[in-house]
Amino acid sequence: MPREVEPKRYSRRSFGSGLFKLAGVLGASAILKMGRLPNLSRDVAEGGFIREDLSDKLQGESFQTIAHNGANASDNFEVFRRTNCDYIEIDVFTHNGEVYVGHPDKLAGIPIDSSKSTIGLDNPVRKFSEVAEEVFTDGKKLFIDFKDGPSVGRVFDFLAEKQMLETSSFTSTAWGNLIEIRNRQGGNCDNLFFTIQNDEDFEKFIEYDKFPRAPFGVSLDKKSATRENIQKLKARGAIVYVYTVDTPEGALNFIGDGADGITTNNISLMNIKPLQA
(Lines give C-alpha, C1' and ligand atoms only; values in the text may rest on other atoms or scores of the structure.)
Protein backbone atom coordinates (compact mmCIF):
# COMPACT_ATOMS: atom_id res chain seq x y z
CA MET A 1 0.00 0.00 0.00
CA PRO A 2 1.44 3.41 -0.92
CA ARG A 3 2.48 5.49 2.03
CA GLU A 4 0.25 8.47 2.72
CA VAL A 5 2.15 11.71 2.32
CA GLU A 6 1.62 14.30 5.03
CA PRO A 7 0.72 17.73 3.66
CA LYS A 8 3.71 20.06 3.63
CA ARG A 9 3.67 22.89 6.15
CA TYR A 10 5.20 26.23 5.25
CA SER A 11 7.05 28.47 7.62
CA ARG A 12 6.99 32.26 7.20
CA ARG A 13 10.53 32.04 5.82
CA SER A 14 9.68 29.42 3.23
CA PHE A 15 6.53 31.34 2.34
CA GLY A 16 8.61 34.46 1.67
CA SER A 17 11.00 32.50 -0.48
CA GLY A 18 8.05 31.11 -2.37
CA LEU A 19 6.84 34.60 -3.15
CA PHE A 20 10.12 35.40 -4.86
CA LYS A 21 9.79 32.23 -6.95
CA LEU A 22 6.21 33.18 -7.72
CA ALA A 23 7.39 36.57 -8.92
CA GLY A 24 9.61 34.86 -11.44
CA VAL A 25 6.73 32.73 -12.68
CA LEU A 26 4.00 35.32 -12.75
CA GLY A 27 6.22 38.12 -13.96
CA ALA A 28 5.83 41.82 -13.61
CA SER A 29 2.24 42.11 -14.74
CA ALA A 30 0.67 40.09 -11.93
CA ILE A 31 2.79 41.71 -9.23
CA LEU A 32 1.98 45.23 -10.33
CA LYS A 33 -1.71 44.49 -10.69
CA MET A 34 -1.81 43.13 -7.15
CA GLY A 35 0.06 46.16 -5.86
CA ARG A 36 -1.98 48.62 -7.95
CA LEU A 37 1.18 50.49 -8.87
CA PRO A 38 1.35 53.01 -11.70
CA ASN A 39 2.46 51.70 -15.05
CA LEU A 40 5.08 52.43 -17.66
CA SER A 41 5.25 51.64 -21.33
CA ARG A 42 8.48 50.56 -22.98
CA ASP A 43 9.04 51.58 -26.58
CA VAL A 44 12.37 51.02 -28.23
CA ALA A 45 14.03 53.61 -30.42
CA GLU A 46 15.04 52.25 -33.79
CA GLY A 47 17.72 53.24 -36.26
CA GLY A 48 18.32 52.31 -39.83
CA PHE A 49 20.47 53.31 -42.77
CA ILE A 50 18.70 55.51 -45.32
CA ARG A 51 19.99 55.32 -48.88
CA GLU A 52 21.39 58.57 -50.20
CA ASP A 53 18.81 58.86 -52.97
CA LEU A 54 15.92 58.44 -50.49
CA SER A 55 17.55 60.85 -48.07
CA ASP A 56 17.87 63.47 -50.82
CA LYS A 57 14.19 63.05 -51.73
CA LEU A 58 13.09 63.41 -48.11
CA GLN A 59 15.19 66.52 -47.66
CA GLY A 60 13.37 68.01 -50.61
CA GLU A 61 9.99 67.56 -48.91
CA SER A 62 8.29 69.63 -46.22
CA PHE A 63 7.11 67.58 -43.24
CA GLN A 64 7.18 67.28 -39.46
CA THR A 65 8.50 64.32 -37.43
CA ILE A 66 7.16 63.10 -34.12
CA ALA A 67 9.24 60.80 -31.91
CA HIS A 68 6.83 57.97 -31.13
CA ASN A 69 6.33 57.67 -27.35
CA GLY A 70 9.53 59.68 -27.22
CA ALA A 71 9.53 60.48 -23.51
CA ASN A 72 7.56 57.53 -22.14
CA ALA A 73 10.85 55.95 -21.06
CA SER A 74 13.78 58.04 -19.88
CA ASP A 75 16.38 56.06 -21.86
CA ASN A 76 14.49 56.63 -25.12
CA PHE A 77 14.16 60.31 -24.33
CA GLU A 78 17.92 60.59 -23.94
CA VAL A 79 18.22 59.35 -27.53
CA PHE A 80 15.32 61.27 -29.08
CA ARG A 81 16.19 64.61 -27.51
CA ARG A 82 19.43 64.65 -29.54
CA THR A 83 17.67 64.17 -32.88
CA ASN A 84 16.15 66.75 -35.22
CA CYS A 85 12.58 65.63 -34.50
CA ASP A 86 9.98 68.38 -34.20
CA TYR A 87 7.82 66.79 -31.51
CA ILE A 88 8.35 64.46 -28.59
CA GLU A 89 5.25 62.35 -28.06
CA ILE A 90 4.20 61.40 -24.54
CA ASP A 91 1.21 59.40 -23.33
CA VAL A 92 -0.42 60.68 -20.15
CA PHE A 93 -2.79 59.12 -17.64
CA THR A 94 -3.93 59.83 -14.10
CA HIS A 95 -3.19 57.65 -11.09
CA ASN A 96 -4.33 58.63 -7.60
CA GLY A 97 -4.78 62.24 -8.65
CA GLU A 98 -1.33 62.61 -10.26
CA VAL A 99 -0.60 62.71 -14.00
CA TYR A 100 2.05 60.24 -15.14
CA VAL A 101 3.71 59.49 -18.45
CA GLY A 102 3.29 56.06 -20.06
CA HIS A 103 0.62 53.55 -21.07
CA PRO A 104 -1.77 52.59 -18.27
CA ASP A 105 -2.27 49.15 -19.84
CA LYS A 106 1.43 48.21 -20.00
CA LEU A 107 3.35 47.36 -16.87
CA ALA A 108 6.95 47.99 -15.95
CA GLY A 109 9.29 45.11 -15.24
CA ILE A 110 10.09 44.24 -11.64
CA PRO A 111 13.64 42.97 -11.15
CA ILE A 112 14.49 40.97 -8.03
CA ASP A 113 17.81 41.73 -6.37
CA SER A 114 18.57 38.41 -4.69
CA SER A 115 21.64 39.82 -2.95
CA LYS A 116 19.47 42.35 -1.12
CA SER A 117 16.21 40.39 -1.16
CA THR A 118 14.34 43.39 -2.56
CA ILE A 119 11.91 44.05 -5.34
CA GLY A 120 12.01 47.33 -7.24
CA LEU A 121 10.60 48.94 -10.36
CA ASP A 122 12.79 48.51 -13.42
CA ASN A 123 11.93 51.97 -14.74
CA PRO A 124 9.94 54.05 -12.25
CA VAL A 125 7.10 56.00 -13.81
CA ARG A 126 7.73 59.71 -14.21
CA LYS A 127 5.39 62.58 -13.50
CA PHE A 128 4.10 64.52 -16.47
CA SER A 129 5.22 67.84 -15.00
CA GLU A 130 8.87 66.71 -14.82
CA VAL A 131 8.93 65.29 -18.35
CA ALA A 132 7.15 68.28 -19.89
CA GLU A 133 9.65 70.74 -18.44
CA GLU A 134 12.58 68.66 -19.74
CA VAL A 135 11.13 68.59 -23.26
CA PHE A 136 10.38 72.32 -23.13
CA THR A 137 13.91 73.11 -21.90
CA ASP A 138 15.34 71.14 -24.85
CA GLY A 139 13.43 73.35 -27.28
CA LYS A 140 11.24 70.49 -28.52
CA LYS A 141 7.48 70.61 -28.93
CA LEU A 142 5.17 68.30 -26.96
CA PHE A 143 2.73 65.91 -28.65
CA ILE A 144 0.51 64.78 -25.79
CA ASP A 145 -1.68 61.69 -26.13
CA PHE A 146 -4.46 61.56 -23.51
CA LYS A 147 -5.09 58.01 -22.31
CA ASP A 148 -7.91 59.05 -19.99
CA GLY A 149 -10.27 61.95 -19.33
CA PRO A 150 -9.14 63.07 -15.85
CA SER A 151 -5.68 64.05 -17.12
CA VAL A 152 -7.02 66.64 -19.61
CA GLY A 153 -7.74 69.47 -17.20
CA ARG A 154 -4.63 68.87 -15.08
CA VAL A 155 -2.35 68.83 -18.12
CA PHE A 156 -3.90 71.93 -19.68
CA ASP A 157 -3.74 73.93 -16.44
CA PHE A 158 -0.09 72.99 -15.91
CA LEU A 159 0.90 73.99 -19.44
CA ALA A 160 -1.03 77.25 -19.18
CA GLU A 161 0.64 78.10 -15.87
CA LYS A 162 4.10 77.36 -17.28
CA GLN A 163 3.34 79.21 -20.55
CA MET A 164 3.99 76.06 -22.57
CA LEU A 165 0.72 75.85 -24.51
CA GLU A 166 2.17 77.42 -27.66
CA THR A 167 4.65 74.55 -28.03
CA SER A 168 2.17 71.79 -27.19
CA SER A 169 -0.21 69.75 -29.36
CA PHE A 170 -2.73 67.17 -28.22
CA THR A 171 -4.10 63.90 -29.55
CA SER A 172 -6.50 61.22 -28.35
CA THR A 173 -8.66 58.35 -29.54
CA ALA A 174 -11.37 59.79 -27.26
CA TRP A 175 -12.27 62.86 -29.31
CA GLY A 176 -14.22 64.36 -26.41
CA ASN A 177 -10.89 64.97 -24.65
CA LEU A 178 -9.83 67.22 -27.51
CA ILE A 179 -13.19 69.00 -27.57
CA GLU A 180 -12.56 69.86 -23.91
CA ILE A 181 -9.18 71.35 -24.87
CA ARG A 182 -10.84 73.26 -27.73
CA ASN A 183 -13.35 74.78 -25.33
CA ARG A 184 -10.60 75.71 -22.86
CA GLN A 185 -8.60 77.54 -25.54
CA GLY A 186 -11.43 79.53 -27.04
CA GLY A 187 -12.30 77.28 -29.99
CA ASN A 188 -8.80 76.97 -31.46
CA CYS A 189 -8.20 73.55 -33.05
CA ASP A 190 -4.90 73.84 -34.94
CA ASN A 191 -3.01 72.02 -32.16
CA LEU A 192 -5.60 69.23 -31.79
CA PHE A 193 -4.95 65.95 -33.61
CA PHE A 194 -7.98 63.67 -33.64
CA THR A 195 -6.75 60.06 -33.73
CA ILE A 196 -8.28 57.92 -36.47
CA GLN A 197 -7.36 54.26 -35.96
CA ASN A 198 -9.18 52.57 -38.84
CA ASP A 199 -11.62 53.05 -41.73
CA GLU A 200 -14.62 52.86 -39.41
CA ASP A 201 -13.17 55.71 -37.34
CA PHE A 202 -12.59 57.66 -40.54
CA GLU A 203 -16.23 57.48 -41.57
CA LYS A 204 -17.38 58.40 -38.04
CA PHE A 205 -15.03 61.37 -37.99
CA ILE A 206 -16.30 62.72 -41.30
CA GLU A 207 -19.83 62.63 -39.84
CA TYR A 208 -18.77 63.75 -36.33
CA ASP A 209 -21.39 66.15 -34.94
CA LYS A 210 -18.67 68.16 -33.20
CA PHE A 211 -16.46 68.26 -36.30
CA PRO A 212 -13.71 70.81 -35.60
CA ARG A 213 -13.45 74.01 -37.55
CA ALA A 214 -10.38 74.38 -39.77
CA PRO A 215 -7.53 74.35 -39.25
CA PHE A 216 -7.43 71.17 -37.16
CA GLY A 217 -5.19 68.13 -36.97
CA VAL A 218 -5.64 64.41 -37.56
CA SER A 219 -3.36 61.60 -36.40
CA LEU A 220 -4.12 58.92 -38.97
CA ASP A 221 -3.19 55.26 -38.72
CA LYS A 222 -1.10 54.26 -41.74
CA LYS A 223 -3.51 51.42 -42.58
CA SER A 224 -6.18 54.02 -43.33
CA ALA A 225 -3.79 56.61 -44.81
CA THR A 226 -4.77 56.19 -48.45
CA ARG A 227 -4.29 59.09 -50.85
CA GLU A 228 -8.08 59.42 -51.06
CA ASN A 229 -8.53 59.62 -47.28
CA ILE A 230 -5.65 62.04 -46.81
CA GLN A 231 -7.02 64.30 -49.56
CA LYS A 232 -10.54 64.22 -48.08
CA LEU A 233 -9.16 65.41 -44.76
CA LYS A 234 -6.96 68.04 -46.40
CA ALA A 235 -9.97 69.37 -48.33
CA ARG A 236 -11.67 70.02 -44.99
CA GLY A 237 -8.68 71.92 -43.67
CA ALA A 238 -6.88 69.17 -41.76
CA ILE A 239 -3.20 68.95 -40.89
CA VAL A 240 -2.52 65.21 -41.34
CA TYR A 241 0.13 63.24 -39.47
CA VAL A 242 0.44 59.51 -40.24
CA TYR A 243 1.52 56.96 -37.63
CA THR A 244 3.61 54.84 -37.16
CA VAL A 245 5.97 55.15 -40.16
CA ASP A 246 9.43 53.62 -39.74
CA THR A 247 10.76 53.33 -43.29
CA PRO A 248 11.94 56.08 -45.68
CA GLU A 249 9.89 54.52 -48.50
CA GLY A 250 6.76 54.73 -46.34
CA ALA A 251 7.53 58.30 -45.35
CA LEU A 252 7.93 59.34 -49.00
CA ASN A 253 4.70 57.61 -50.01
CA PHE A 254 2.57 59.25 -47.32
CA ILE A 255 4.15 62.68 -47.76
CA GLY A 256 3.67 62.34 -51.52
CA ASP A 257 -0.01 61.61 -50.88
CA GLY A 258 -0.34 64.86 -48.94
CA ALA A 259 0.54 64.02 -45.32
CA ASP A 260 2.11 66.88 -43.37
CA GLY A 261 4.12 64.72 -41.00
CA ILE A 262 4.86 61.29 -39.62
CA THR A 263 5.12 59.67 -36.21
CA THR A 264 8.14 57.36 -36.17
CA ASN A 265 10.50 55.25 -34.07
CA ASN A 266 13.25 55.61 -36.66
CA ILE A 267 16.05 57.88 -35.47
CA SER A 268 17.42 58.23 -38.99
CA LEU A 269 14.10 59.64 -40.21
CA MET A 270 14.08 62.08 -37.29
CA ASN A 271 17.52 63.30 -38.33
CA ILE A 272 16.48 64.14 -41.88
CA LYS A 273 16.44 67.91 -42.28
CA PRO A 274 13.48 68.56 -44.59
CA LEU A 275 12.39 71.91 -45.96
CA GLN A 276 10.67 73.94 -43.26
CA ALA A 277 6.93 73.31 -43.20
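This write-up is about the structure you can find in this document. (Residues numbered from 1 in each chain as written. Predicted model: local features only at pLDDT ≥ 70, side-chain atom pairs only at ≥ 80, totals over all residues. Heavy atoms only, no water.)

## Describing the overall build of the chain
The number of helices and strands found in the chain is ten helices and twelve strands. Evaluated residue by residue, the chain yields a buried proportion of 47% over its 277 residues. Put simply, 64% of the contacts in the chain that link residues at least 6 apart link residues at least 24 apart. On the chain, roughly 14600 Å² of surface is accessible, and the fraction owed to carbon and sulfur atoms is 49%. (Helix = DSSP H or I, 4+ residues; strand = E, 2+ residues; numbered from the N terminus. Buried < 20%, exposed > 50% of the residue type's maximum accessible area, 1.4 Å probe, protein only. Contact = heavy atoms within 4.5 Å. Areas by Shrake-Rupley, 256 points an atom, 1.4 Å probe, with all protein chains shown as cover.)

## Here's the deal with the layout of surface pockets
Volume-wise, the largest pocket comes out at about 220 Å³. Along its surface, the largest pocket is lined by 17 residues, and His68, Glu89, Asp145, Lys147 and Tyr243 are the ones closest to its centre. For the lining of the largest pocket, the secondary-structure elements that each account for two or more residues are β2 (87–95) and β7 (141–146). A breakdown of the residues in the lining of the largest pocket according to their chemical character gives two nonpolar, ten polar and five charged. (1 Å grid on protein atoms, 1.4 Å probe; cavity = no way out; pocket = protein on both sides within 12 Å on 5 of 7 lines; lining within 4 Å. Points joined across faces, edges and corners; volume = space filled by probe spheres on them. Nonpolar A, V, L, I, M, F, W, Y, C, P; charged D, E, K, R; others polar.)

## A short note on helix α5 (residues 150–161)
Looking only at α5, the buried set comprises Ser151, Val152, Gly153, Val155, Phe156, Phe158 and Leu159. In this structure, the buried side of α5 is in contact with β2, β3 (98–101), α4 (128–137), β7, β8 (168–172) and α6 (175–184). After α5 finishes, the residue Gln163 shows a positive phi value of roughly 55 degrees.

## What to know about the pattern of salt bridges
This structure, assessed with the given rule, holds 15 salt bridges. For Lys210, the salt bridge is made with Asp209, and the minimal N-O distance between the two is 4.0 Å. What makes Asp209 exposed here is its relative accessible area of 67%. For Asp221, the salt bridge is made with Lys223, and the minimal N-O distance between the two is 3.1 Å. Judged by relative accessible area, which is 10%, Asp221 ranks as buried. The class for Lys223 is exposed, based on a relative accessible area of 66%. Salt bridges here are not isolated pairs; linked through shared partners, they connect Glu78, Arg81 and Asp138. (Salt bridge = Lys/Arg side-chain N within 4 Å of Asp/Glu carboxyl O.)

## Overview of the environment of Ser172
Here Ser172 shows up in strand β8. The buried category is assigned to Ser172, whose relative accessible area is 1%. Sequence spacing of Ser172 and Gly149 is 23 residues, and the spatial spacing of their C-alpha atoms is 9.8 Å. Residues contacting Ser172, with those up to four places away along its chain left out, are Asp145, Phe146, Asn177, Leu178, Phe193, Phe194 and Thr195. For Ser172, the side chain forms a polar contact with the main-chain oxygen of Phe146, separated by 3.3 Å. Only 3.2 Å separates the side chain of Ser172 from the side chain of Asn177, close enough to count as a polar contact. (Polar contact = N/O pair within 3.5 Å; in protein donor to acceptor, adjacent residues only side chain to side chain.)

## Regarding the environment of Asp190
By the secondary structure assignment, Asp190 is in the loop between α6 and β9 (192–196). Considered as a pair, Asp190 and Gly237 are 47 residues apart in the sequence and their alpha carbons are 9.7 Å apart. With sequence-adjacent residues up to four places away left out, Asp190 is seen in contact with Pro215, Phe216 and Ile239. Reaching out from Asp190, the side chain makes a polar contact with the side chain of Asn188 at a distance of 2.9 Å.

## A look at the packing of aromatic side chains
All chains considered together, the criterion is met by 15 aromatic pairs. Plain terms: the ring middles of Trp175 and Tyr208 are 5.1 Å apart, the flat faces sit at 65 degrees to each other, and that makes the pair edge-to-face. Of this pair, Trp175 sits in helix α6 while Tyr208 sits in the loop between α7 (199–206) and β10 (216–221), and the two are 33 residues apart along the sequence. Of the two residues examined, Trp175 and Tyr208, each falls in the buried class. When the ring of Phe205 is compared with that of Phe211, the centres are 4.9 Å apart and the planes differ by 45 degrees; the resulting orientation is tilted. The exposure class assigned to Phe205 is buried, which follows from its relative accessible area of 0%. One aromatic cluster in this structure is built from Trp175, Phe194, Phe205, Tyr208, Phe211 and Phe216. Between the NZ or CZ atom of Arg236 and the centre of the ring of Phe211, over which it lies, the distance is 5.0 Å. (Phe/Tyr/Trp six-rings, centres within 6.5 Å; stacked < 30°, edge-to-face > 60°. Lys NZ or Arg CZ within 6 Å of the ring centre and 35° of its normal.)

Functional significance is not addressed by these values, which are geometric in nature.
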